[in-house]
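# Fold and contact review
Residue strings, one per chain:
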Amino acid sequence: MKKIALTLLAALTCIGLSAQDIPHLAKVGNSTCLIVDGAPMVLRCGELNNSTASSIGYMEEQRTFDRLKALNLNSVIATASWELVEPSEGQYRFDEVDYVIREARKRDMKVIFIWFGAFKNPFMTYAPSWVKQNPRKYPRAADESGKDLELPSVWGEAVMKADARAYAATLAHIREVDKDHTVVMMQIENEPGLRGAARDYSRLAEKAWKADVPAQLIQYLQDHAASLQSDLKKAWEDNGCKTRGDWETVFGKSLKEDDGTNPILNQTEHFFTAWAYARYLDYMAVEGKKAYALPTFTNASVFGINSRGRSLGNGCSIPDFFDLYKAGAPNLDILTPNSYMQQLDQICEAFAWKGNPILIPESSVSGARGLYAVGEWDAIAFSPFGIDSWAAGVLEAPSAQQKLFSDSYLLLEQAGPLIREHLGKPSMRGTYLYNGHAADTLTVGDYVVTFGRGRSFDIGALMAPATGGGPRPQAGPQAEPRFEGSAILIQTGKDEFYLMGYGVNAGFALKDGVKSAFCGYDRIDEGRLENGRFVPGRLLNGDERNAFLPDGKVTVLKIKLYHY
C-alpha cells in the first residue's frame, strides 16, 4: 500500500511547490495527497445535509459553522445547486456559494463543494425548472417499454453541455472570489446512475447501443488486458476479445432472469450504462478544469463489496465498473465510496484499486472510522454525512458521542505534524475493529502487532519468547453488543511507537527472522500531543502495563520496546 518511503521535504522539493499554487493532488511517498498552499493537508471533514446550504438564513439560525468548528472540523462538504446557481438560463447567482466560502474562511476551514447538477443519485431534482420542464430540448431516459423515467439521458448532449456550462461558471466564480484557497476540491454530481431500467432505451441511447463500442474503450481493454476487473475481463474474453462490434457483439448478450444459479443479470447493459455516465462526468471535469483546475471526484453508493453491478443506480462508479470509468473519465481524479457499511476496511481495500486515492465523502458519524482511514490509507478526507444535524446541542451540552468524535478529530489535528511526516510511508498504519472483525494484525518494522478488544492483563505475554504476545482471548461464548475501535500506529524509531485512538488493545512481538529470544516493554507513557509534540502524563506500569486504549476515550501512548 505505502511501501515506498520518501521524506516529506524531498517530496515537496521534487514537485516544486509554491504558496501560490492552487490546491492539487501530488505523490508524497507512495500515497497521493492533497496539497494546499505547498503542504499536504488531511481534511477532517463533515458533509452538510442536502438542503442546508440552500439557505443563508437557515445556516445563520442554526449556527451551522459554529457547530462544525466545535466538532474540530477543518473542512466541510456543502452543496452548490444548479437550480440556485442558474435559476434562469444564462443568469448566474452565487449568494449561497459565497456565504459558505466566507463563513468557512472566518474559521480557518476549507470547503469541498458538491455540484448538484443533473444528477442527485439517479434523479434530476436539482436541475433548474427550465431544464426539468423542457424534455424536448433536454431528453429523458426511457425504460424498455419506452416510458419516460423522468431522468436526464446522458446520451443527450444538450443537458450535458448545459450542466457543464453552469458548473464551469461556478468554478470561474470561485477562482475569482477565493484567492486564499478556501475551496480545495469539487465533487461532480452525486451518486450518478440510472434507476428504473437496466439501461437507457431512449432513441439516442438505442443509437449508441447499436453502434460500435467506442475505440477509446477498445484501446483501454487492449492496453490493460491483464489487469481488467474480473467481470469485464471475462465478458470480453468469452466473446473473443473483439476489437470491433456493437455492445452485445463485444461483451455478449446479457441474462435477463435469475435462474437460481446467481448469474450476472443485465451485465452488458450495465457496462454500457457505466461507460455513458463516465463519459458525461469526464466532459464535466474537462469543462470545469478549463475554468479552475481544482481536483475532482465523484461518489458511489456502496451496498456490497461484490455487488456485481448493483448499486443505487445502474452504472454508478462502484468497483465493478472502475475500468469503464478509468477508460471513459480519465480527467476525473478520484472515485470515492459512500461508506455506511461497517466494513470500512473492505471498502477502502476495494477503492484503493490501482492507486486510486482514498477519500470518504459520506460515512456514518464515527471518530474511529476517521482515524482508521487516515492511519491505514492516508485518506485525503473523511466526512460523515449530515454532520450539521448530528451536531445539534454541541454548543450547549455536548453528548458523550459528540465528545468522542470531536476528540478524535482533535487528535488528528494535534498529531498533524507527525501524520504528515509519515504520509506515504510504511511507518504509519491503522486498525479498525468492529463486529465480525474483532482482531487484526499488522507488521511494522521488526514487529508484528496484534490488536483485539478489552484490556489484557498478562505480564508474561510480552516477556515471553518472540512468538508470543498479543491480547488475551476472552473465555466463554458472549453475545457481543455492537462496537467499534480504532488506532493509528506510527513507528518513530527502531523500537519506538505512538499508539493513539480508542477501543483497542495491542500486543507487540518480533516478526520471524529477528534473532531475539525475548521482547518486552521498556516503558509505556500515557500523554497527549500538542502540535505534534508529545506531552507525557502517567508512566504506565504494574497493573496498567499494557498497550490499551479504552472504549469511549481517545488516548495517546508512547511505547518503547526492547528485545534480546
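Given the structure is predicted, the values throughout are model-derived calculations rather than measurements.

This part covers the overall build of the protein chain. The number of helices and strands found in the protein chain is 19 helices and 23 strands. A compact globule built from 564 residues would reach a C-alpha radius of gyration of about 24 Å, and the protein chain, at 25 Å, matches this within 12%. Each principal axis of the C-alpha distribution contributes one length, and for the protein chain these read about 75 × 55 × 50 Å. Within the protein chain, buried positions represent 57% of all 564 residues. Surface summary for the protein chain: the accessible area is close to 22600 Å², and the carbon and sulfur share equals 50%.

Our focus in this paragraph is unusual backbone geometry. When glycine is set aside, most residues are seen to have a negative phi, and most peptide bonds are trans. Although it is not a glycine, D108 adopts a positive phi angle of roughly 60 degrees. The residue D108 is located in the loop between helix 5 (95-106) and strand 6 (110-120) in this model. The exposure class of D108 is exposed, given its relative accessible area of 62%.

Another point: the sheet that holds strand 5 (residues 75-81). Strand order in the open sheet formed by six strands is 5-6-9-10-11-12, with parallel pairing between adjacent strands. Each edge of the open sheet is held by one strand with a lone partner, namely strand 5 and strand 12 (362-363). Here five bridges tie strand 10 (residues 296-301) to strand 11 (residues 334-339), and the two strands are oriented parallel to one another. When the bridges of strand 11 are listed, A300 appears paired with P337. Its contacts with the sheet place helix 7 (residues 157-177) against strand 6, strand 9 (183-190) and strand 10, and it is angled at close to 165 degrees to strand 6.

Before going further, it helps to spend a moment on the pattern of salt bridges. Evaluated as defined, the whole model comprises 30 salt bridges. Across the pair D446 and K494 runs a salt bridge whose closest N-O atoms are separated by 3.0 Å. In this pair, D446 sits in the loop between strand 15 (440-444) and strand 16 (447-452) while K494 sits in the loop between strand 17 (484-493) and strand 18 (496-502), placing the two residues 48 residues apart along the sequence. Residue class for K494 comes out exposed when judged on its relative accessible area of 53%. Residues R533 and E530 are paired through a salt bridge, measuring 3.7 Å at the closest nitrogen-oxygen approach. Residue classification places E530 among the partly exposed positions, given a relative accessible area of 30%. Where salt bridges share partners, they join R63, D66, E103, K106 and R107 into one cluster.

For strand 19 (residues 504-510), the tally of buried residues reaches seven of seven residues, placing the bulk of the element in the interior. Side chains V504, A506, F508 and L510 project from strand 19 onto one buried face, and the interleaved N505, G507 and A509 project onto a second face that is buried too. Relative to strand 19, strand 16 is paired through six bridges, and the arrangement is antiparallel. Note on strand 19: the bridge partner recorded for V449 is F508. Alignment of strand 19 against strand 22 (residues 547-549), held across three bridges, turns out to be antiparallel. Bridge pairing links V504 to L549 in strand 22.

This part covers the sheet that holds strand 21 (residues 533-540). Strands sit in the order 14-17-18-23-20-21 across an open sheet of six strands; the sheet is antiparallel. Two strands lie at the open edges of the sheet, namely strand 14 (428-434) and strand 21, each paired on one side alone. Averaged over all pairs of adjacent strands, the angle between their axes in this sheet comes to 30 degrees, without regard to strand direction. Bridge count between strand 18 and strand 23 (residues 555-563): six bridges; the pairing is antiparallel. Across the sheet, Y498 pairs through a bridge with K558, a residue of strand 23. Sitting on the sheet, helix 15 (residues 367-377) touches strand 14, strand 17 and strand 18, and the angle it makes with strand 14 is about 145 degrees. Contacts between helix 17 (residues 400-414) and the sheet are confined to strand 17, strand 18, strand 20 (519-530) and strand 23, with strand 18 contributing the most and set at about 155 degrees to the helix.

So, about the packing of helix 5 against helix 7. Helix 7 packs onto helix 5 with a crossing angle of 35 degrees between their chain directions and a minimal axis gap of 11 Å. Helix 5 and helix 7 meet at a crossing whose hand is right-handed. Contact with helix 5, carried on its side by V97, D98, I101 and R105, involves H173, I174 and V177 of helix 7 and no other residues of that element. Of the residues assigned to the contact of helix 5 with helix 7, the class counts are four nonpolar, one polar and two charged.

So, about the packing of helix 8 (residues 203-210) against helix 12 (residues 267-291). Axis separation between helix 8 and helix 12 bottoms out at 11 Å; the angle between their running directions is 110 degrees. It follows that helix 8 is roughly perpendicular to helix 12 by the angle criterion. For the pair helix 8 and helix 12, the crossing hand works out as right-handed. Packed against helix 8, whose contacting residues are A205, A208 and W209, the element helix 12 presents T268, E269 and F272 at the interface. Class assignment for the residues of the contact of helix 8 with helix 12 results in four nonpolar, one polar and one charged.

Right, let's get into the nonpolar core. Ranked by internal contacts, the top residues of the largest apolar core, which has 135 residues, are F113, F251 and I419. With 12 residues, helix 12 is the single largest residue contributor to this core. Ignoring any residue separated from it by four or fewer positions in sequence, one finds F113 in contact with A78, T79, A80, V97, V100, I101, I174, V183, M185, M186 and Q187. Counting residues in hydrophobic clusters, the runner-up holds 25 residues, among them Y447, L510, I524 and A547.

Right, let's get into the packing of aromatic side chains. For the coordinates displayed, the defined rule picks out 27 aromatic pairs. Between F508 and Y521, the aromatic rings sit 6.3 Å apart at their centres with planes inclined by 75 degrees, giving edge-to-face as the arrangement. Taken as a pair, F508 in strand 19 and Y521 in strand 20 lie far apart in primary sequence, 13 residues in all. By relative accessible area, F508 is classed as buried at 1%. In this structure an aromatic cluster arises from ring pairing among W155, W209, W247, F251, F271, F272 and F321. Over the face of the ring belonging to W209 we find R199, whose NZ or CZ atom lies 4.1 Å from the ring centre.

This brings us to the state of the cysteines. Put plainly, two cysteines are in a disulfide when a covalent bond ties their sulfur atoms together. Throughout the structure, instances matching the rule amount to zero disulfides. Take C45: it sits in no disulfide, and the sulfur closest to it among the cysteines is that of C348, at 15 Å.

The rules behind each value
Residues numbered from 1 in each chain as written. Predicted model: local features only at pLDDT ≥ 70, side-chain atom pairs only at ≥ 80, totals over all residues. Heavy atoms only, no water. Helix = DSSP H or I, 4+ residues; strand = E, 2+ residues; numbered from the N terminus. Rg over C-alpha atoms; globule rule 2.2 N^0.38 Å. Buried < 20%, exposed > 50% of the residue type's maximum accessible area, 1.4 Å probe, protein only. Areas by Shrake-Rupley, 256 points an atom, 1.4 Å probe, with all protein chains shown as cover. Pairing = 2+ DSSP bridges. Contact = heavy atoms within 4.5 Å. Axes fitted to C-alpha atoms, helices over the stretch in contact; angles between N-to-C directions. Salt bridge = Lys/Arg side-chain N within 4 Å of Asp/Glu carboxyl O. Left-handed = near helix turned anticlockwise from the far one by under 90°. Nonpolar A, V, L, I, M, F, W, Y, C, P; charged D, E, K, R; others polar. Parallel < 35°, antiparallel > 145°, perpendicular 65-115°, else oblique. Core = buried A, V, L, I, M, F, W, Y, C linked by side-chain atoms within 4.5 Å. Phe/Tyr/Trp six-rings, centres within 6.5 Å; stacked < 30°, edge-to-face > 60°. Lys NZ or Arg CZ within 6 Å of the ring centre and 35° of its normal. Disulfide = S-S within 2.5 Å.

It is worth stressing that arrangement in space is one thing and function is another; only the former is reported here.
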